[in-house]
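Read off the chains here:
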Amino acid sequence: MNTALGHLKVLDLTRVLAGPWATQNLADMGAEVIKIERPEVGDDTRTWGPPFLKDAQGRETRDSSYFLCANRGKKSVTLDIATPEGQDIIRQLVRDADVLVENYKVGTLARYGLAYDDLQKINPRLVYCSVTGFGQTGPYAALPGYDYVFQGMGGLMSITGVPDGQPGAAPMKSGIAISDLLTGMYATSAILAAIESRHVTGKGQHIDMSLLDCIVSISSYQALNYFLSGQIPQRMGNAHSNMVPYQVFKCKEGDIIIAVGNDSQYAAFCKVIARPLLATDPQYSTGPQRNRNRGSLIPLIAEAMLAKTMEEWVTLLEVSNVPCGPIFNMKQVFEDRQVIHREMRRDLPHSAGVEAPSVANPIRFSETPIQYGRSAPLLGEHTQEVLQNYLGLSTERLAALKAQKIV
């Protein structure tokens, strides 16, 4: 199969989610990704369950859903890089690697002689991506951190949740580890940009990715709202800070999301809900006016939405090209006909003798399709293959390294 990145070799020295998400993207696009894991222990997320994948006999494996979601298509090599022998093996693997991705604490790999400055002397074309909580520089650089911390520090939780003055008012985190996933996506883009730059310069480079930077970056229009107005954005529940109506409404049965993005959609919406005068009223006829006068407009819309069920409204609004939709749970998501058509669930072969479920990569290439080969690897599944094929280590040498718990 022709793949976009089949010519690239990636050394993956990451664990948990942000780094593995980036390297899984590269593996999906065809890169050979060699995941370096601690002997006997592996990536932390292998044990972040239940649930765990069950093997062909129905027994739980050591691989959690968390690990499976971010490590498909990779090769697992166990290696203790805290030892001189392990460090030397990394240096040998780096010689013909294109990319190295790591998420160790700042300074750790430098102590091992595996920092960018060390490895670029071996391979000047190496693209070396470091993923940390706070980045390689600054007063917080040495501190550890997880997604929850960055959702708070980056401002996301201050604008997410039930507004003050309403029952249940409180900041709220996202239901997924959004700062990890975003950082993984930004890291993927940065790595590919560095590869493209290398085509021109012949040189690799160091990429410094910070979870805090990424979560601050996606504050996007909310940050600009603050910069331009001087007013600190507040929690608005399911409402939107700049567009109206753009929120959840209760129906005769069920709830519906209305996501009106322009004046023509608003006019069509008012016609469908049998409130045409709301479209021509100067208080509500334009987006800025609807935003300024949302306090009086939203109750009028809320009253109108109680006339029909969610399913009835969706049918009517879709015909009129008004953006809307239901609120699905995960079961309903993967039973939806559009999601089924787009094949967003993929079941991939796993070395435990079963098919392991996976969520598809959303990228659709016309000429170099995403590669769905195998699920995430067993711990150390490819150690012998990689070290023999790439470094020429003998069976005896591998046995000695294993006895010393270096591999």
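Calculation criteria
- Residues numbered from 1 in each chain as written.
- Predicted model: local features only at pLDDT ≥ 70, side-chain atom pairs only at ≥ 80, totals over all residues.
- Heavy atoms only, no water.
- Helix = DSSP H or I, 4+ residues; strand = E, 2+ residues; numbered from the N terminus.
- Buried < 20%, exposed > 50% of the residue type's maximum accessible area, 1.4 Å probe, protein only.
- Pairing = 2+ DSSP bridges.
- Axes fitted to C-alpha atoms, helices over the stretch in contact; angles between N-to-C directions.
- Contact = heavy atoms within 4.5 Å.
- 1 Å grid on protein atoms, 1.4 Å probe; cavity = no way out; pocket = protein on both sides within 12 Å on 5 of 7 lines; lining within 4 Å.
- Points joined across faces, edges and corners; volume = space filled by probe spheres on them.

Participant: How should the environment of E303 be read in this particular structure?
Facilitator: Locating E303 in the fold gives a position in helix α13 (residues 294–305). Judged by its relative accessible area of 52%, E303 falls in the exposed class. On a C-alpha basis, the gap between E303 and K250 in space is 9.0 Å, while along the polypeptide they are 53 residues apart.

Participant: Help me understand the sheet that holds strand β7 (residues 127–132) in this model?
Facilitator: Ordered in space as β5-β2-β1-β6-β7-β8, the 6 strands form an open sheet in which the pairing is parallel. Of all strands in the sheet, those bounded by a partner on one side alone are β5 (75–78) and β8 (206–210). Strand-to-strand twist across the sheet, computed as the mean angle between neighbouring axes with direction ignored, equals 20 degrees. Note that strand β2 (residues 32–37) and β5 share 4 bridges and pair parallel. When the bridges of β5 are listed, E37 appears paired with T78. Along the sheet, helix α3 (residues 84–94) contacts β1 (9–13), β2 and β6 (99–102); its crossing angle with β1, the most-contacted strand, is approximately 155 degrees. Along the sheet face, helix α17 (residues 383–391) touches β1, β2 and β5 and points at about 85 degrees away from the line of β5.

Participant: So what exactly am I meant to see when it comes to the layout of surface pockets here?
Facilitator: It is a probe the size of a water molecule, rolled over the atoms, that shows where empty space is left. By volume, the largest pocket is sized at about 940 Å³. Taken together, 31 residues form the lining of the largest pocket, with W21, S65, C69, S358 and V359 sitting closest to its centre. Where the lining of the largest pocket is concerned, the elements lending two or more residues are α1 (18–28), β3 (52–54), α2 (65–68), α7 (178–201), α15 (330–333) and β13 (355–359). With 4 residues, α1 is the largest single contributor of residues to the lining of the largest pocket. There is about 600 Å³ of room inside the second largest pocket. Lining the second largest pocket are 24 residues, and of these I159, T160, Y221, G237 and A239 sit closest to its centre.

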